[in-house]
Amino acid sequence: MLYIHQLSHLTPKMADLESVYLVREIKGKTPYPLREDQLKALFNEFFVLGKEIGTIERGLELVEPTVELVKVLLQKQSSLYENINLQRAVQMLKSLPLHLQNNLLFLQEFQIWQGAAPQDVASLFNRVPQLRTMEEKVKTNEEIKKVFGFLLRNPEFFFQYQDVVNEGQVSTTNGLQEGMEKGFFFHVTLEEATKKLDYDAIKRRIPREELDFVEEIEKNIEFIKEAIDTAYKANMRVVNLVVVLYAYIKWLSGK
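Now for a quick tour of the structure. (Residues numbered from 1 in each chain as written. Predicted model: local features only at pLDDT ≥ 70, side-chain atom pairs only at ≥ 80, totals over all residues. Heavy atoms only, no water.)

### A word on helix α6 (residues 134-152)
Move 1: Its 19 residues place the ends of α6 26 Å apart at the C-alpha level, agreeing with the 27 Å of an ideal helix rising 1.5 Å per residue.
Move 2: All buried positions along α6 are accounted for by Thr140, Ile144, Val147, Phe148, Gly149, Leu151 and Leu152.
Move 3: On its buried face, α6 sits against α5 (97-125) and α10 (208-252).
Move 4: Remark: Arg153 follows α6 within two positions and exhibits a positive phi of approximately 65°. (Helix = DSSP H or I, 4+ residues; strand = E, 2+ residues; numbered from the N terminus. Expected span 1.5 Å × (residues − 1). Buried < 20%, exposed > 50% of the residue type's maximum accessible area, 1.4 Å probe, protein only. Contact = heavy atoms within 4.5 Å.)

This is how it looks when you write it as structure tokens:
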């Protein structure tokens, strides 16, 4: 897409802009009347894979155990750790499950929908150029609205992204992972800060068992981040699919 790079970017105006170049492409790949096999080939890149669902499930399952591991460090009240950062990590992790859970449910429904989508879309959209009476137009328009309403998670033409994985959760997990790579959990002494020592140098004074424990948390956070990224990319593909479907309607309705 040329103009839509975030979930919040989808609006009728943006869809109109994107469809200008899309109409030519889809007419070449799937000329009228639309065929199921052609749509299946075109839509395939937007569909969700079973392994993506598995990745999101795994990440969701890891959030609460990871929170508990961080709490273990907090309970130690050790001078090795930066308690404020541990508390931040707990808060950041706790903000993720609801978004992941909502996203998982949506993508599971989407996965079911995509199985019949090429056939259903071909049948529905092929009726558009043939509509003559007002009754036919209203009926077909309502069916098309249901398709967009499902994909956009609301009856209006924007993606309802606030309660699923969006840029906020991506930013949260990016920041958390980057922090872990820099020793976010460990207290930095004044001398270390003055000398601007990096994490590799600071590690040398930290007991091996403490490093191992934090590395276990870090691995979990990597899995969680992968789940967040996977969900977000899937959501973006749904938005892109909506734009493609919008372009079809614009073309077939002669607008």
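### Notes on a nonpolar patch on the surface
Move 1: A surface patch of nonpolar side chains, amounting to about 280 Å² of accessible area, comprises Leu2, Tyr3 and Leu17.
Move 2: Note on placement: Tyr3 falls in the segment before α1 (12-29). (Patch = residues over 30% accessible without salt bridge, like charges linked within 9 Å, V, L, I, M, F, W, Y side chains within 5 Å. Areas by Shrake-Rupley, 256 points an atom, 1.4 Å probe, with all protein chains shown as cover. Salt bridge = Lys/Arg side-chain N within 4 Å of Asp/Glu carboxyl O.)

### Topic: the packing of aromatic side chains
Move 1: One pass over the full model with this rule turns up 15 aromatic pairs.
Move 2: Judged by centre distance (6.5 Å) and plane angle (85°), the ring pair of Phe43 and Tyr248 falls under edge-to-face. Placement of Phe43 in helix α2 (residues 36-43) and of Tyr248 in helix α10 is noted, with a sequence separation of 205 residues between them. With respect to burial, Phe43 and Tyr248 carry one shared label: buried.
Move 3: Judged by centre distance (6.2 Å) and plane angle (70°), the rings of Phe47 and Phe110 are edge-to-face. With Phe47 in the loop between α2 and α3 (50-76) and Phe110 in helix α5, this pair connects stretches of sequence that are 63 residues apart. (Phe/Tyr/Trp six-rings, centres within 6.5 Å; stacked < 30°, edge-to-face > 60°.)

### Considering the environment of Leu124
Move 1: As for its placement among the helices and strands, Leu124 is situated in helix α5.
Move 2: The spatial distance from the C-alpha of Leu124 to the C-alpha of Arg58 is 37 Å, given a sequence separation of 66 residues.
Move 3: With residues up to four places along the chain from it excluded, the contact list for Leu124 reads Thr140, Glu143, Ile144 and Val147.

### Description of the pattern of salt bridges
Move 1: All chains considered together, the criterion is met by 14 salt bridges.
Move 2: Linking Asp16 and Lys250 is a salt bridge whose minimum nitrogen-to-oxygen distance equals 3.3 Å. Of this pair, Asp16 sits in helix α1 while Lys250 sits in helix α10; the two residues are 234 residues apart in sequence, bridging distant segments of the chain.
Move 3: A residue is classified by how much of its surface remains accessible, and Asp16, at 30% relative accessible area, is partly exposed.
Move 4: On the basis of relative accessibility, which here comes to 23%, the residue Lys250 falls in the partly exposed class.
Move 5: Asp229 is the partner of Lys225 in a salt bridge, and the nearest nitrogen-oxygen pair spans 2.6 Å. Of this pair, Lys225 and Asp229 both sit in helix α10, 4 residues apart, which is roughly one turn of the helix.

### Regarding the environment of Asp16
Move 1: When the C-alpha atoms of Asp16 and Ala247 are compared, they prove to be 7.7 Å apart, with 231 residues separating the residues in sequence.
Move 2: Excluding anything up to four places from it in sequence, Asp16 contacts Tyr246 and Lys250.

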